[in-house]
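Inside the fold
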Amino acid sequence: MRQLQTKPFPYYVGIYSLEELVTKKSKVCVINIMGSESRKVTPISHEYSGGNVVAGVQYGRKGVVETKIGNIPVFRSIRDVMRAGIEFDTGVIYLPPSAVSQAVSELINYNEKLSKIVIVTEKVSSKDSMCIRFMCQEAGIDVIGANCLGVANVWDHVRVGGALGGDHPEETLKPGSIAIHSNSGNFTTTIAEYLRTGGFGISSAVSSGKDVYIHFALPEFLYAAQNDPRTKAIALYSEPGGYYEKVALDWIKERKFSFNKPIVACVTGRWKKDLTRSCGHAGALSGGGDDAITKEKWFDDYFGVGVFDPENPVVSKLGVRVASIQDFPKAMDAVYKKIDEEADFESTGDLSLKLWMSDNFVQLPDSLKMPVVEAIEPYNQQILEFNKNIGANYLRQNMADKSGASKMDPVTQVAELHGKTILDLSKYSLEENIYFSLAKVMPDEKDIPTINMLLNLLLKVDPERMDAIDYAKKNGCSPNAYLASQILSIGNNAYIKKTKHYSKLLIDLIRENGITETTTHYSEKVINTILKEILIDKEVEELKLGDFLYKEVKNSKKKCESLQLSQFIIKLAEEKNLFIKDKFEFLLATVGLCIFWKPMLEKRITRETAEDALSYFYVIANLVAFTVLDRNKNKFWQKLTEMKTVNMTDSFTKNTFKILFNREPNDIELTELKYVIGLTLTNGPGTISAKGAKESVSARNHIPVCYAGFLVNTGFAHGGNGFEAVEYLLNVFKDTKLSNPGDATHNTDIKALANNAAKIYRDYVKSEKDGGKLSYSRIPCVNHPVFKGNDVNIDPREEFVKNEMEKAGIYNIFLDFYHKLVVELFNEGATKNIFCVNVDAVISVIALKLVWNDFQNNKISKEQIQDLVFILFLIGRAIGVSAEITDHRDRGLDMDCRTPQSQLQFVL
């Protein structure tokens, strides 16, 4: 039977001084040593303490736990440890709550030399805690915990139990004169770190836990601290619930044991006052008179002063209460001055707020602005890596039939792109929609000239490539086919590779070195990278376009990180008589990053999308350049695609019109072009054009190939079906002598035309059915598989454009004809209700109106008009497909568009 020591307590307490709580001589056995928590923490404690863990138990398993200073043997049971002749005086328990009491019993029964048990486990039941208390009191064993992170003797460099001091306890746990007692394990470490910055080290630290039973509570701790010659003061952290603090303070007042060292106490948890259930630590639930406010009064009465005020530090020799743990250093300093003691060492810092990271897209008032300082090790390196991960990050998943870019509203059947309907998008210019498809937000007004400049620069194409298109046309290729052939040939060319390379390099330089739009001083590291990666000592023969961009960037007044850095590079090059290696591509990357920086910083887009943005611009601009119907007769195309830099900020929408229609547009015609392009941006991710692009991404192709995937997935049934409407309308209006389709005062009797067309169709359908045919030709652009079944049917997309045109005073005789036709079809009995005029009609009627005069003057053929209608669809869909490509590249998986074998069928 052990000799029981009670000292001044009415129960067993075997610890006389904190310095004997754990020592270099302590030998430890860890129960459940290979558990998820212990296998990380125990090796660090073992190494920090110089090898104090002599054995571990993992029930039913045998082995070793590897550490840097040698392996710890692991046994199947406590009995096996004893049979192996291994002696230990301290047990540490990491078991689940229901198993803790049994482990305590085994430790006591099998090891007569046991003196202490540390219980790390949280939420041990009150019943089991009561049993543990009884067994250990009977056996004369001290218990720390439960729900604790153990104890540390900093002077002896020993840690037993949990993770006090973290993964590098030697950095936080500095020897000194403060003893810590804390209900919170994590705050035990935090308080030690805070005190260290104020010049105070630690003698011993005890994480007492905060279950209902605290086995080594404040009375025992203060008694041991009084008898510890290393300890001059106490740092105490207390939570609501329990009367251990009141008992300790009352016993001191009643002189049940001598105590004359100051205490700096922090009581938290006022918000828990009215709770009726446990929240957080199991014992941190106030009952009758043990809430946070009551505990604060206990300490304030004991100290004789109110809560500590850092601005007016009033303390007593008994100590003071602080409102927050961040006040521990200043309060302890005031207390030490009161008792004529000095701090343990020089202060190593302060707890003022220090800004380690910042972004500039949120403009703060001057009163809130703070300078960014370099973080301490190892966080500075971690922040350096983190800063590279700018932009959005998405979880990878199967995106075969999914999209984060587009969707179809199931009620209205109106498609949306990045949350905007195509009806709304049809009001915007091509350049705005091109940017929007990538950035997910419309550009700032001041960025539109820059977007136009980039797109116009990228219209420049090699005339030899047009020879290939002429050859494809000669062989009867449809527009999607001959355009795809040249888009495919872009591949991953030098322009795309170099632009992405410099975009990536610029982002790295900016983010790694904290460069902002106001940076004026650049480190030696930045300059060395510039000299190595960007500048050369001999000028390379380049396109004049590079010189144009050089002047634009050098003279730009715009505030932007990439521009600021590139202007410094230009200045550095001129000072050192050096030259930019790939001038055109580097400066394109500079300007491109400038307009996509904000959406990347706001995490709207990924870093990869920002790096690739100019590749998407390049493909779309090239696509538009390739759409010219007759390059030999189109002087506008010739001027726009030659390697000259005039009118670079002209509207890309206007330039697209010139290429397509070979003339200057007026404002009404530009509006009509915007409607046509906007309405064709997307029809949801289920269209075969969108799926073609997504499948190409799934196969991990280059960006141009993904556009080609969309192009080859269009055809006369999808995208090119407007040729039928053109042929139909030309046939209806061939004898009308119509001069201006946009003149509402025309003399054409379109109601009569519609009635005649309805009768012809009625008779045709009757003839086909009488002949036993179930399939027959339909009138193009009327009826819709969704918008049908009502007395009067409407396609909301077409209706939107019709209303917008009416509000703008824009008239189109062909659209007017279509609306009269659907009524006459019903009146003549050809249809059971009034069909809708669907959105495909909009493309055809606008295109036909725009070329009507040229057609009448034999400047354009019927076949070219039909190609033009197809091309208009392809341009609009190419812009919308950009969003699908970026989305699938950001979220999708390789081969995610393949169809599983189980879903395939073989038919005879």
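Placed above this text is the structure.
Overview of the structure. Remember, it's a predicted structure, so these values are computed and weren't measured experimentally.

Cut-off values and rules
- Counting restarts for each chain: residues are numbered from 1 in the order of the written sequence.
- Thresholds applied to this predicted model are a pLDDT of at least 70 for local features of residues and 80 or more for the giving and counting of side-chain atom pairs; totals over whole chains, interfaces and linings are not thresholded and use all residues.
- Note that the side-chain values use all heavy atoms of the structure and ignore hydrogens as well as water.
- Pairing between strands is defined by DSSP: at least two bridges between the two strands are required.
- The way it works is that DSSP assigns letters per residue, a run of H or I at least four long becomes a helix, a run of E at least two long becomes a strand, and they are numbered from the N terminus.
- Lines are fitted to the C-alpha atoms to define the axes, a helix being fitted only along its stretch in contact, and any angle between axes, read from their N-to-C directions, falls within 0 to 180 degrees.
- Contact between two residues is taken to exist if any of their heavy atoms lie within 4.5 Å; hydrogens are not considered.
- Buried, partly exposed and exposed residues are distinguished by accessible area as a fraction of the type maximum, computed with a 1.4 Å probe on protein chains only: under 20%, between the cut-offs, and over 50%, respectively.
- Under the counting rule used here, the positive set is Lys and Arg, the negative set is Asp and Glu, and His together with the chain ends is not counted.
- Salt bridge, as applied in this entry: a Lys or Arg side-chain nitrogen positioned within 4 Å of an Asp or Glu carboxyl oxygen.
- Here a patch means residues that are over 30% exposed by relative accessible area and free of salt bridges, tied together within 9 Å if like-charged and within 5 Å if nonpolar (Val, Leu, Ile, Met, Phe, Trp, Tyr).
- We get accessible surface area from the Shrake-Rupley algorithm with a probe of 1.4 Å; when it comes to residues, only the shown protein chains can shield them.
- Stacked, tilted and edge-to-face are the three classes applied to pairs of Phe, Tyr and Trp rings, where Trp contributes its six-membered ring and a pair requires centres within 6.5 Å; stacked means planes under 30 degrees apart, edge-to-face means over 60, and tilted covers the rest.
- We call a charge positioned above a ring when the Lys NZ or Arg CZ atom is no farther than 6 Å from the ring centre and deviates by at most 35 degrees from the ring normal.

1. Remarks on the sheet that holds strand β4 (residues 72–75)
Across the sheet, seven strands lie side by side as β3-β4-β2-β1-β5-β6-β7; this open sheet has mixed pairing. Across the chains shown, the open sheet's two edge strands, defined by having one partner strand only, are β3 (63–65) and β7 (142–145). Taking each pair of neighbouring strands and ignoring which way they run, the sheet shows an average axis angle of 25°. Two strands pair when backbone bridges link them, and strand β5 (residues 90–93) and strand β6 (residues 116–119) are joined in this way by four bridges, in the parallel orientation. The partner of Val92 across the bridge, within β6, is Val118. Helix α3 (residues 97–110) rests against β1 (28–31), β5 and β6 of the sheet, and its axis sits at about 165° to β5.

2. A word on the side chain of Arg877
Tracing the backbone through its elements, the reader meets Arg877 in helix α33 (residues 862–891). No salt bridge is formed by the buried Arg877; its nearest oppositely charged neighbour, Asp840, is found at 7.6 Å. Excluding its chain neighbours within four sequence positions, the residues that come into contact with Arg877 are Thr680, Leu681, Thr682, Asn683, Thr687, Ser689, Phe710 and His718.

3. Focus: a nonpolar patch on the surface
A cluster of nonpolar residues, Trp356, Met357, Val373, Ile376, Tyr379 and Phe386, forms a patch on the protein surface that exposes about 550 Å² of accessible area. Here Ile376 lies in the loop between α10 (328–338) and α11 (379–388). Judged by relative accessible area, which is 52%, Ile376 ranks as exposed.

4. Some words on the packing of aromatic side chains
Per the stated rule, a full pass over the model turns up 28 aromatic pairs. Relative to Tyr379, the ring of Trp356 lies with its centre 5.6 Å away and its plane at 25°, an arrangement referred to as stacked. Of this pair, Trp356 sits in the loop between α10 and α11 while Tyr379 sits in helix α11, and the two are 23 residues apart along the sequence. With a centroid separation of 5.0 Å and an interplanar angle of 85°, the aromatic rings of Phe733 and Phe814 are classed as edge-to-face. You can see Phe733 sitting in the loop between α28 (722–732) and α29 (750–770) and its partner Phe814 sitting in helix α31 (residues 813–827), a full 81 residues away along the chain. For the residue pair Phe733 and Phe814, the accessibility class agrees, reading buried in each case. Taken together, the aromatic side chains of Phe9, Tyr11, Tyr16, Tyr223, Trp251 and Phe257 make up a single cluster linked through ring pairs. The side chain of Arg133 reaches across the aromatic face of Tyr11, ending 5.2 Å from its centre. The ring of Tyr394 carries the charged tip of Arg891 above its face, separated from the ring centre by 4.0 Å.

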